[in-house]
Amino acid sequence: MAVEGMSCASCVGRVERAIAAVPGVESVAVNLATERAHVTFAKGGDVLRQVEEAVRQAGYQPTEQTIDLSVSGMTCASCVGHVEKALRAVPGVVGATVNLATERASVKAVAGGDLGPELIKAVEKAGYEASPVTPDDGHAAGQHDHMQMLKEEEQARLLRSVILAGVLTIPLLAIEMGSHMVPALHHWLAGNFGEGNLRIFSFVLATIVLFGPGLVFLRKGFPALLRAAPDMNTLVMLGAGAAWLYSSVATFLPGLLPAGTALTYFESGAVIVTLILLGRWFEARAKGRTGAAIRSLIALQPKTARILRQGSETDIPVDEVKPGDTVILRPGERVPVDGEVRDGTSFVDESMITGEPAPVRKEAGSLVTGGTVNGSGALSFTARKVGSDTLLAQIVRTVQAAQGAKLPIQAAVDRITLWFVPAVMAVALATFLVWLAFGPSPALSYALVNAVAVLIIACPCAMGLATPTSIMVGTGRGAELGILFRQGDALQALRDVQVVALDKTGTLTKGKPELTDIEPNETFEANEILRLIASAENRSEHPLALAIVAAAKARGLALAEPANFVSDAGCGVTATVEGRRVAIGGHRLLAQIGIDVSAFAGRAQALAEAGKTPLYAAVDGKLAAVIAVADAIKETTPAAIAALHQLGLKVAMVTGDDSRTAAAVARQLGIDEIRAEVLPTDKAEVVKALQKDGRKVAFVGDGINDAPALAQADVGIAIGTGTDIAIESADVVLMSGDVMGVPRAIALSKATITNIRQNLAWAFGYNAILIPVAAGLLYPLWGVLLSPVFAGLAMALSSVSVLANALRLRRFKVEA
């Protein structure tokens, strides 16, 4: 395992002692040159995690790697459990999660070696197929096209199997079921073909179905049974195989069976195979639709780009565009890569990024994003980000990562489903024995039919698909609305939020304050004061400083170069301008340098009550002026706050403004709680205070200055981040600057979790109710038994129902 932070022999000794102290470690050798620790222990899992923790406690950092695999052959939740168990048993693996809907495995392992081949071997030993998922190298579209082609081939193969099985099963149904339902048909068939010949013909048809289209169940189910890891294929194999075997004995060796029990159930096995194959075909089609959002995102990138090289325009594949190339964009074309406009003006439709329909004006210096659509103007721009660095590629990776995540709600499901198939087999065996011992004559036939019905009615597929399909569709729909869930579990966490804390500047407001008032002392002149304080602020990047500088330049004032510039975050700025000591900031800054602001206290209060931010200016130790800067509230902010209240949430505002200004804004917007005069470094503490009494808090900020608060919150929401979504501290990223994205994200989270709960309720309720019915629980009361044929139909429809319910999220809409 790789260990970072070692610098000398004593470091080596500390790491070795720390690892050796972990129970279960047999030997350890640490190499300073390679920064590797070679550890031998009896078994992995918890011991490995303890080793990592011991290294951290010693003050060093064990590094981890994430390996993604594509896994094929999984059909149900039990398969997921078996693959995860096989992966976690590989030495060096810390954790593994497998997603049935995406057919992906994400493995966390200690860095230091190539575990890929070992992981693939472990998956294959478990009875499945695996291949490495290559890192996104800018060819995401090609990779996705290949995966889509494989899925379409799988759908076509399933359809061929369904058609063949259906064609062969229909005559079986006519012979077996038709004869029971229409006595005249039975007499006609027996008279013209003979009972024995009909049985042989049924045997031939059923055998072709079972060992033709149905061979997939035998090939996968039997080895899984031998490995003591039965899955859905095992249930189908046992159910259909038992019906076929019993019927074959009844046909060719009836003397081996008790008198009156030599009945045939060829149609049951064939219908079971046909219906389950039909269900899997529907399931494959529906699963294909769950990934529609990713496909539509990838399809947004053009295949070619027109670039200017050596004075001539040339069309080249988009993968060959390099940073610095000049790209020519004609009216109506999609932007091929991210870049900065050099020449031309146009309006660009960025709805695929932000979810907002209004086109955005682009001119020299503006940024354009790959995948967006140019309007009626022509543009030339310089390529800045290409391939896997483009925003579109980042979005695709983010959505894929969220879709592959497992929510906390899935943990209990996984524990149950791992034992589900063995439990069903035990129930089927118990059913067979009870009916054989206590059932009416012919008891053996009743025992067989009901045991087969139990095996077939069970549906771990629905349980395995309940959560991941909803996550796939929900996160995909979010991406279409400009809502990116960077962490899959944020979907569940956001639903439980009780308080939404919003940073004021740039979130509730436009983030571009303007100077609205300047009232100098009688001994100072307004323009001169403005020129001095603007000169002092010219070095600052703070929004209020930019507003002051912009106002001075708008009045044509010549700014001087400041000296001794000092910026005190959250307080203000001091500097020397043309030999004069200038200070500009809040009352705390002026109190620090011993200046009394009481002369302007009344005017400052009036400005604050009007929703403006009052600042004081001092020159050479004297109070010079009070000025006011206002940051206009975004047009959509009032509607967003109202929407959050409609969702039953409390809204808090966090701002560095003084309490009077904050109160004025809060009154205007109807905000519940105010945290004013908060320094940027203290925002995380404010979030911690809001979390008291167990309240779940979402913090909404710009994702850069608010990183500590975003990390402290139960859910961090970065808003208005434009073209940069790689924010480690945010769980959710809103691609537009519209604060309405916050209630939209929460509403989508609630809808997705509700959808998951519906799926789980259906999947578990279906099995809890119908397995006892299939076992014959209703027979003593009302004489009701469940035919294996209807059991197969119900099982086939159960997973399709879960998928259909998940797909409803594609129609999720939000109020504008």
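The name recorded for the chain in an unreviewed UniProt entry is P-type Cu(+) transporter, from Bosea spartocytisi. Per UniProt, the comment on the chain under Sequence similarities (unreviewed entry) is "Belongs to the cation transport ATPase (P-type) (TC 3.A.3) family. Type IB subfamily." Listed under Subcellular location (unreviewed entry) in UniProt, the entry text for the chain is "Cell membrane".

K.L.:
What is the right way to look at the pattern of salt bridges in this model?
P.N.:
Once the charged atoms of two side chains with opposite charge are near each other, the side chains can pair. Counted under the stated rule, the structure contains 27 salt bridges. Residue Glu53 is joined to Arg56 by a salt bridge in which the shortest nitrogen-to-oxygen separation is 3.9 Å. Of the two residues, Glu53 and Arg56 are both situated in helix H2 (residues 46-57); the distance of three residues between them amounts to about one turn of the helix. On the basis of relative accessibility, which here comes to 32%, the residue Arg56 falls in the partly exposed class. Here the salt bridges share partners, and the residues they tie into one network are Asp517, Glu519, Arg603 and Lys612.

K.L.:
Would you mind going over the packing of helix H8 (residues 215-226) against helix H9 (residues 232-252) with me for this structure?
P.N.:
The geometry of a pair of packed helices is captured by two quantities: the angle between their axes and the separation between those axes. Interaxial distance between H8 and H9 falls to 7 Å at its minimum, and their mutual angle equals 105°. Accordingly, the angle class assigned to the pair H8 and H9 is roughly perpendicular. From H8, Phe217, Leu218, Lys220, Gly221, Phe222, Ala224 and Leu225 reach across to H9, where they touch Asn233, Thr234, Val236, Met237 and Leu238.

K.L.:
It is not clear to me how helix H24 (residues 637-646) should be interpreted in this structure. Could you clarify?
P.N.:
Within H24 the residues assigned to the buried category are Thr637, Ala640, Ile641, Ala643 and Leu644. One face of H24 carries all of its buried residues, which in axial projection span an arc of 160°. For H24, the secondary structure elements touched by its buried residues are strand S19 (499-503), helix H19 (504-508), strand S26 (650-654), helix H25 (659-669) and helix H28 (741-775). Residue Gly648 follows H24 closely and has a positive phi angle near 80°.

K.L.:
What's the story with the sheet that holds strand S10 (residues 312-317) in this structure? I'm lost.
P.N.:
The antiparallel open sheet is built from six strands, whose spatial order is S10-S9-S11-S17-S12-S15. One side of each edge strand has no neighbouring strand; the edge strands of this open sheet are S10 and strand S15 (367-368). Of the strand pairs in this sheet, strand S9 (residues 304-309) and S10 are connected by six bridges, and their pairing is antiparallel. What sits directly across from Ile307, in S10, is Thr314.

K.L.:
Looking at this model, I keep getting lost on the layout of surface pockets. Mind explaining?
P.N.:
The rolling of a water-molecule-sized probe over the atoms marks out the regions of remaining empty space. Taken as a whole, the second largest pocket spans an internal volume of roughly 1,100 Å³. Along the wall of the second largest pocket there are 44 residues; nearest its centre are His542, Pro543, Leu544, Gly570 and Gly656. Of all elements in the fold, only H19, helix H21 (543-554), strand S21 (563-568), strand S22 (572-577), strand S23 (580-585), helix H22 (587-592), strand S24 (613-619) and strand S25 (622-630) reach the threshold of two or more residues within the lining of the second largest pocket. Ranked by residue count, the leading element in the lining of the second largest pocket is S24, at four residues. The class makeup of the residues in the lining of the second largest pocket is 15 nonpolar, 15 polar and 14 charged.

K.L.:
Is there a simple way to think about the UniProt feature "transmembrane region" (unreviewed entry) in the chain in this case?
P.N.:
UniProt records the feature "transmembrane region" (unreviewed entry) at residues 158-178, 198-218, 238-257, 263-282, 416-438, 444-467, 760-779 and 785-807, using the numbering of this structure. Each end of residues 158-178 is marked by a C-alpha atom, and these two atoms are 27 Å apart; helix forms 100% of the span and strand 0%. Secondary structure within residues 263-282 divides into 85% helix and 0% strand; the distance between the first and last C-alpha atoms comes to 33 Å.

K.L.:
Mind showing me how you'd approach the UniProt feature "domain: HMA" (unreviewed entry) in the chain here?
P.N.:
What UniProt calls "domain: HMA" (unreviewed entry) maps, in this numbering, to residues 1-63 and 65-131. Along residues 65-131 the backbone is 33% helical and 37% strand, and the end-to-end C-alpha distance reaches 17 Å.

K.L.:
Before we go on, may I ask you to explain the environment of Leu238 in this structure?
P.N.:
Considering the arrangement of structural elements, one finds Leu238 in helix H9. Given a relative accessible area of 25%, Leu238 falls into the partly exposed group. Between the C-alpha atoms of Leu238 and Leu760, which are 522 residues apart in sequence, the distance is 26 Å. With residues near it in sequence (within four places) discarded, Leu238 still touches Leu225, Met425 and Leu455.

K.L.:
Even after reading the chapter, I still don't get the side chain of Thr431, so can you show me in this structure?
P.N.:
Relative to the assigned elements, Thr431 resides in helix H15 (residues 420-438). Relative accessible area serves as the criterion here: at 6%, Thr431 is assigned to the buried category. Side-chain polar atoms of Thr431 contact the backbone oxygen of Val427, separated by 2.7 Å.

K.L.:
For this particular structure, what's the right way to read the side chain of Thr169?
P.N.:
Summarising the element assignment, Thr169 is placed in helix H5 (residues 140-181). At 2.6 Å, the side chain of Thr169 forms a polar contact with the backbone oxygen of Ala165. Apart from residues no more than four positions distant in its own chain, Thr169 is found in contact with Val209, Ala270, Val271 and Thr274.

K.L.:
Would you mind showing me how to read the packing of helix H11 (residues 292-299) against helix H17 (residues 460-480) here?
P.N.:
The N-to-C vectors of H11 and H17 enclose an angle of 35°; their axes lie 8 Å apart at closest approach. Facing Ala293, Ser296 and Leu297 of H11, the residues of H17 in contact are Gly476, Arg477, Ala479 and Glu480. Its residues assigned to classes, the contact of H11 with H17 shows three nonpolar, two polar and two charged.

K.L.:
Is there a simple way to think about the sheet that holds S24 in this case?
P.N.:
Strand pairing in a sheet is mediated by backbone hydrogen bonds. Such pairs are either parallel or antiparallel. One open sheet holds the six strands; their spatial order is S20-S25-S24-S23-S22-S21, and the pairing between them is antiparallel. The open sheet has two free edges, formed respectively by strand S20 (514-520) and S21, since each of these has just one partner strand. Taken pair by pair, the neighbouring strands of this sheet meet at an average axis angle of 15°, ignoring direction. Strand direction decides the pairing type here: S22 and S23, joined by six bridges, are antiparallel. Bridge assignment links Val573 to a residue of S23, and that residue is Ile584. Strands S20, S24 and S25 of the sheet are contacted by helix H23 (residues 601-609), whose axis makes an angle of about 5° with S25.

Conventions adopted
- Residues numbered from 1 in each chain as written.
- Predicted model: local features only at pLDDT ≥ 70, side-chain atom pairs only at ≥ 80, totals over all residues.
- Heavy atoms only, no water.
- UniProt positions renumbered as here; feature names shortened; annotations may be inferred.
- Salt bridge = Lys/Arg side-chain N within 4 Å of Asp/Glu carboxyl O.
- Helix = DSSP H or I, 4+ residues; strand = E, 2+ residues; numbered from the N terminus.
- Buried < 20%, exposed > 50% of the residue type's maximum accessible area, 1.4 Å probe, protein only.
- Axes fitted to C-alpha atoms, helices over the stretch in contact; angles between N-to-C directions.
- Parallel < 35°, antiparallel > 145°, perpendicular 65-115°, else oblique.
- Contact = heavy atoms within 4.5 Å.
- Arc of directions from axis to C-beta.
- Pairing = 2+ DSSP bridges.
- 1 Å grid on protein atoms, 1.4 Å probe; cavity = no way out; pocket = protein on both sides within 12 Å on 5 of 7 lines; lining within 4 Å.
- Points joined across faces, edges and corners; volume = space filled by probe spheres on them.
- Nonpolar A, V, L, I, M, F, W, Y, C, P; charged D, E, K, R; others polar.
- Polar contact = N/O pair within 3.5 Å; in protein donor to acceptor, adjacent residues only side chain to side chain.

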